[in-house]
Amino acid sequence: MSIYKIARQQLTLIMRSKWLGSFGMLFALLAVFVTYFGNSGQSGYTGFSRMTASLLNLNLLLIPLIALLIGSLFIAGEKEDRGLMLLLTYPVSVKSVLVGKYIGLFLSLWSVITFGYGAAAIVMFIGNADTSISVMFLFYFLSLLLAVFFLALSMMIGLWSRTRFQALGMSLIVWAISVLFYEFIVMGLSIFVTKEWILTLLSISIFLNPVELIRVWAILSLDGASVFGPNLYDLTVWANGWLGQCLFVIASLLWVTVPFYFSHLFVKRRIGNE
Amino acid sequence: MSKEYLIELEGITKRYTEHKQIGEISFPIKKGEITALCGGNGAGKSTLIKLLTGIIKPTSGTMKADGKPVDPMSERYKAFFSYMPDDMIFPNQLTGLEMLLFFAGLQGIAKSRVDEVLKRVGLFEDRRKLIKHYSKGMQQRLSLAQALLSAAPLLILDEPTNGLDPFWVFRFKEIIKEEKEAGKTILFSTHILSIVEEIADTAIFLEEGKLIYHENIDVLTNTAGKYNSLEKVFFEKQIVGVK
């Protein structure tokens, strides 16, 4: 019951802030833009690969940023204003507080993603886009999954940070590393390993970054493994197999539970000591 | 002995650094009494309150509630008190009523009780206003209101009169006396010694994280005519502390 009340409270707080509306508009506009131009006949590609690739890139760029900013700033702000400290003096468990806040944050982001996808679906419908509804649903699901991962991370960052500004800075660092620089880091590391270890390095690197996890999972799910090229054929065979799929699921669970574990630890150790 | 005391602290310490610590504090809080926590800035009042409310964990020592040892971070102990923090900033996007309904909901308290408490702290007419339109004093009264909602036997207030105008300081004293009459035990921290003299039964003086006095107010102010006001006690003890 307290989880429900805390989630509802968190959702109300975010829904009434200006942040969510701005993010929702931005996401919907870009989704419509990508859908419209990705589906235009002048691209030289089939509508499927160009539009879905653009939409995938939009998701991978924007959803982590929105999730990290909303989650970490709200949690750090509540900590700074002592609201979280006060809540923890009530007879509710730390787990209930964390789960309640997380659900509230997720529902707010779910509304942004659904609004964006809804707008894109309308454009697709009007433009008679050659994309199946199942592909859109798959993207929708993967976008929500991406939000699930990054909200867990954002909560951990918010609880670790002492101030809103620290949370903002840390969120941008995490976003930049996971979205912008990760590929360069992996490429840089590949210089130091022998050729036979490159595939292993790439395989491991997929699971160490939720953005890559979703990117690869999305591409494989859309039967687009050819984009990896012939050198990574073995990777696609392995990742498409049951072991690969199991690892995707386990990695997904870990990307939620590990940040939750640290969030719990930060609440126990840091709240009140700062 | 334990029947007489609601809370007993035994050898509680909290160590941050060598210079910032709470050093082995032991004292009981009598049932149905008003206890004031006094001391200068940085004396350790807020830290002691955070220890009492389970916000921070003591480095060592034990605590008893109603004669039984408790983990101050446990849910069972948290149902034992309600707490008003110092300088609380409520979310601007909510109304005062929404804020209190949230806290009431967490404890299964009825809306009628929320209305009653809002009237007591003079916020009933402004209950549907967004908190961003509340003055500092109104926010402080809202903070007091959330602490008054609960029927928990212990009320812990951290600097409750900060930001209140003279009328609401007067009303605060009345409310605290009413709570005492209703059977509650109250612990509050303050810098204003005249309030302590007026409403508290017992005063605790802290200095640099150490307990220097835990005494009945009448005893403190009348001991062999040595001190005739808490202010004198305070200054005397400060000088001792500096020496």
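Residues numbered from 1 in each chain as written. Chains lettered and ligands numbered in written order. Predicted model: local features only at pLDDT ≥ 70, side-chain atom pairs only at ≥ 80, totals over all residues.

1. A look at the overall build of chain A
This is how it is decided: Here a strand is any run of E in DSSP of at least two residues, a helix any run of H or I of at least four, and the numbering for each starts at the N terminus. The burial criterion counts other C-beta atoms lying within 10 Å of a residue's C-beta, which is placed from the backbone; the residue is buried at 20 or more, exposed at 12 or fewer, and partly exposed between these limits. We call two residues in contact when the distance between their C-beta atoms, placed using the backbone, is within 7 Å.
Assigned secondary structure in chain A consists of 11 helices and 0 strands. Reading the secondary structure of chain A in the N-to-C direction produces α-α-α-α-α-α-α-α-α-α-α. Buried residues in chain A amount to 39% of all 274 residues. Counted over contacts in chain A with a minimum sequence separation of 6, partners at least 24 positions apart contribute 81%.

2. Side note on the interface of chain B and chain A
Applied cut-off: Polar here means any residue outside two lists: the nonpolar Ala, Val, Leu, Ile, Met, Phe, Trp, Tyr, Cys and Pro, and the charged Asp, Glu, Lys and Arg; Gly therefore counts as polar.
Every contact between the two is made by 19 residues of chain B and, on the other side, 20 residues of chain A. Breaking the side of chain B that touches chain A down by element, the ones donating at least two residues are α2 (75-78) and α3 (96-107) of chain B. Per-element accounting of the side of chain B that touches chain A gives the leading share, 4 residues, to α3(B). Of the residues assigned to the side of chain B that touches chain A, the class counts are 11 nonpolar, 5 polar and 3 charged.

3. Some points on the sheet that holds strand β4 (residues 60-65) of chain B
Residues and elements named next belong to chain B. Threshold: At least two DSSP bridges between two strands are needed for those strands to be called paired. Lines fitted to C-alpha atoms define the axes here, with helix axes fitted over just the stretch in contact, and angles between the N-to-C directions of these axes take values from 0 to 180 degrees.
Taken in spatial order, the 4 strands make up an open sheet running β2-β1-β4-β5, and their pairing is antiparallel. With partners counted over all chains shown, the strands left at the sheet margins are β2 (21-30) and β5 (68-69), one partner each. Contacts from helix α1 (residues 45-52) reach β1 (5-15) and β2, with the element oriented near 65° to β2.

4. Observations concerning the nonpolar core
Applied cut-off: Put simply, a nonpolar core is a cluster of buried Ala, Val, Leu, Ile, Met, Phe, Trp, Tyr and Cys residues tied together by C-beta atoms within 7 Å.
Within the largest apolar cluster, 134 residues are counted, with the highest numbers of intra-cluster contacts made by A:Leu109, A:Leu151 and B:Ala145. Ranked by residues supplied to this core, first place goes to helix α3 (residues 47-80) of chain A with 15 residues.

5. Focus on unusual backbone geometry
For A:Arg82, which is not glycine, the phi torsion reads 75° and is therefore positive. For A:Arg82, the position within the fold is in the loop between α3 and α4 (83-87). The exposure class assigned to A:Arg82 is buried, which follows from the 20 C-beta atoms found within 10 Å. Residue B:Asp66 is not a glycine yet carries a positive backbone phi of 55°. By the element assignment, B:Asp66 lies in the loop between β4 and β5. According to the C-beta neighbour criterion, B:Asp66 is partly exposed, with 15 such atoms within 10 Å.

6. Describing the pairing of strand β3 (residues 34-39) of chain B
Residues and elements named next belong to chain B. Counting buried residues in β3 gives 6 out of 6 residues, a clear majority hidden from the surface. Judged by which residues are buried, β3 turns out to be covered on both faces: Ile34, Ala36 and Cys38 on one side and Thr35, Leu37 and Gly39 on the other are all buried. The sheet contact formed by β3 and strand β8 (residues 185-189) spans 4 bridges and is parallel. In the strand pairing of β8, Leu37 is matched with Ser189.

7. Section: the UniProt feature "transmembrane region" (unreviewed entry) in chain A
Residues and elements named next belong to chain A. What counts, and what does not: UniProt positions are given in the numbering used here, feature names are shortened, and annotations may be inferred rather than shown by experiment.
As annotated by UniProt and renumbered to match this structure, "transmembrane region" (unreviewed entry) occupies residues 20-38, 58-77, 109-126, 138-160, 172-192 and 242-262. Between the first and last C-alpha atoms of residues 58-77 the distance is 28 Å; the span itself is 100% helix and 0% strand. The distance separating the terminal C-alpha atoms of residues 109-126 is 26 Å; by composition the span is 100% helix and 0% strand.

8. With respect to the confidence of the model for chain B
All names here are of chain B. This is how it is decided: For every residue, the pLDDT score states the predictor's confidence, bounded by 0 at the bottom and 100 at the top.
Mean pLDDT over chain B works out to 86, with 90% of the residues at or above the 70 mark. Per-residue pLDDT stays below 50 along residues 239-243; that stretch engages in 3 contacts with residues further than four places along the chain or on separate chains. Across the interface, the model reports ipTM at 0.87; the global pTM reads 0.88.

9. Looking at the environment of A:Leu60
Residue and element names in this part refer to chain A. Tracing the backbone shows Leu60 in helix α3. The exposure class assigned to Leu60 is buried, which follows from the 21 C-beta atoms found within 10 Å. Excluding residues that lie within four positions of it along the chain, Leu60 makes contacts with Val179, Val211, Ile214 and Arg215.

10. Overview of the packing of helix α7 (residues 164-190) of chain A against helix α8 (residues 195-207) of chain A
All names here are of chain A. Just so we agree on the cut-off: An angle counts as roughly parallel when it lies under 35 degrees, as roughly antiparallel when it exceeds 145, as roughly perpendicular when it falls between 65 and 115, and as oblique in every other case. Less than a right angle of anticlockwise turn of the near helix away from the far helix marks a crossing as left-handed, whereas a clockwise turn marks it as right-handed.
For the pair α7 and α8, interaxial distance at closest approach is 10 Å and the crossing angle is 155°. As judged from the angle between their axes, α7 and α8 are roughly antiparallel. Taken as a pair, α7 and α8 cross one another with a handedness that is right-handed. In this structure, α7 uses Val186, Leu189 and Ser190 to contact α8, whose residues at the interface are Ile198, Leu201, Leu202 and Ser205. Here the contact of α7 with α8 is built from residues that sort into 5 nonpolar, 2 polar and no charged.

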